[in-house]
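Topology and contacts: notes
Here is how the chains run, residue by residue.
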Amino acid sequence: MLLCYPFNNTFYQLFERCTIKFKTGNNILISYAKNYFSPSHAVITLLLVTVIAGSFSSNVYGHASPVSYSPAINSNIVQNRSLPTKVVISFSERPEPKASYIHVTDAKNNRIDNNDYAITGQNERQATVTLGNNKLAPGVYTVSWLALSRDDGHITKGSYVFTIEPAQAAAAQTSLSSKNNTFSDQVTINNITLQYKISPLYAGISNRFNVTLTDASGKSPTNIKNVIMQFNHKQAGIGPIVANLHKLENGVYSTVGGYISQPGEWDNKITVQRNGAYDLNHSFKVTVKAPP
Ligand SMILES: [Cu+2]
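Calculation rules
- Residues numbered from 1 in each chain as written.
- Predicted model: local features only at pLDDT ≥ 70, side-chain atom pairs only at ≥ 80, totals over all residues.
- Helix = DSSP H or I, 4+ residues; strand = E, 2+ residues; numbered from the N terminus.
- Contact = placed C-beta atoms within 7 Å.
- Pairing = 2+ DSSP bridges.
- Axes fitted to C-alpha atoms, helices over the stretch in contact; angles between N-to-C directions.
- Core = buried A, V, L, I, M, F, W, Y, C linked by C-beta atoms within 7 Å.
- Buried ≥ 20, exposed ≤ 12 C-beta atoms within 10 Å, placed from the backbone.
- Domains from an automatic or database assignment.

Per the secondary structure count, the protein chain includes 4 helices and 16 strands. At a minimum sequence separation of 6, the contacts of the protein chain that also span at least 24 residues come to 59%.

Take a look at the structure:
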């Protein structure tokens, strides 16, 4: 994408030549170039140009990315209402059925779909598997999908969960949380301390996920945009499951859900997106048991 031929060995000249190349390209780059056009800024500007050029060359809406899911992500379906008979995912591009899949598993990693992946709907962008409905007992179910796009040949994958709730869910949940099986840890990155907690840490139930952020002076940072957790279970072929945490108060983010949907080892990642600063990223592993 970036084709630059220096006149001589300085970055200044290198950058000048790049700007000329980009004049046929787009105006944002050229105005950037004029503002920062000095030898002292040339290295930084060159990096900026590379990043910007890279983001233009890849289409944000490219690949077969999901645009809708049924059942919906993180939905809670009460058991004595009508149970889902299929999982349907609509994509932004056409999945190649021979190389794409949707697997639906219960909390013990048993497949509960009928292994009948098919392209449905009118625009060939919708994929469906039917469910063995007699298998939908109360619990957390994981949908893992992979799509090879017929339109651009790229592979995308991901997972999400939905929950079938028994008619009286509240009692079971309360007794579990009273067992007080809490996982917590903390890490400091770039002077920001992330304290994170999962409670009660059991697989295949709704857990609470908390992240608390403090700066070096013990205050809550005010430039937080989003706090996201990602969950991967390599052995079970699950992931990434993505959870957006909600802001409870300054510096305190939380969500509840069945993201840790099966027992075993999970590779998790916290991403803190900030205004005017780089993301903070932290990866950690937890080994999770089935509820007692
Ligand atoms: Cu693509």
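Let us keep going from here.
With that settled, consider the sheet that holds strand β5 (residues 118–120). With antiparallel pairing, the 4 strands of this open sheet are ordered in space as β1-β3-β6-β5. Every other strand in the sheet has two partners, leaving β1 (66–70) and β5 as the edge strands with one partner each. Pairwise comparison of adjacent strand axes, ignoring direction, gives a mean angle of 25° for this sheet. Looking at chain direction, β1 and strand β3 (residues 86–91) are connected through 4 bridges and run antiparallel. Paired with Tyr69 across the two strands is Ile89, which belongs to β3.

Here we come to the nonpolar core. Ile102 and Tyr141 are the most contacted members of the largest nonpolar core, which totals 46 residues. Looking at which element gives the most residues to this core, the answer is strand β7 (residues 139–148), with 6 residues. Of the residues that make up this core, three or more belong to each of domain 2 (66–167) and domain 3 (172–288).

Where strand β9 (residues 183–189) and strand β10 (residues 192–199) come together, 7 bridges link them in antiparallel fashion. In the strand pairing of β10, Gln186 is matched with Gln195. In textbook terms, the turn of a hairpin is the stretch between consecutive antiparallel strands, and for β9 and β10 this stretch comprises 2 residues, one of which, Asn190, has a positive phi near 50°.

Here Pro95 is to be found in the loop between β3 and β4 (101–105). Note: C-alpha distance between Pro95 and Ile119 (24 residues apart in sequence) is 7.8 Å. Setting aside residues up to four positions removed in sequence, Pro95 forms contacts with Ala64, Ser100, Ile119, Ala127, Ala147, Leu148, Ser149 and Arg150.

What follows deals with the pairing of strand β12 (residues 224–233). Direction of pairing for β12 relative to strand β15 (residues 264–274): antiparallel, over a ladder of 8 bridges. What sits directly across from Gln230, in β15, is Lys269. The pairing of β12 with strand β13 (residues 238–249) spans 6 bridges and is antiparallel. Within β13, the position partnered with Met229 by the bridge is Ala243. Between β12 and β13, which pair antiparallel and follow one another directly, the connecting turn spans 4 residues, one of which, Gly237, has a positive phi of 70°.

Without other data, these values stay purely geometric and don't point to any function.
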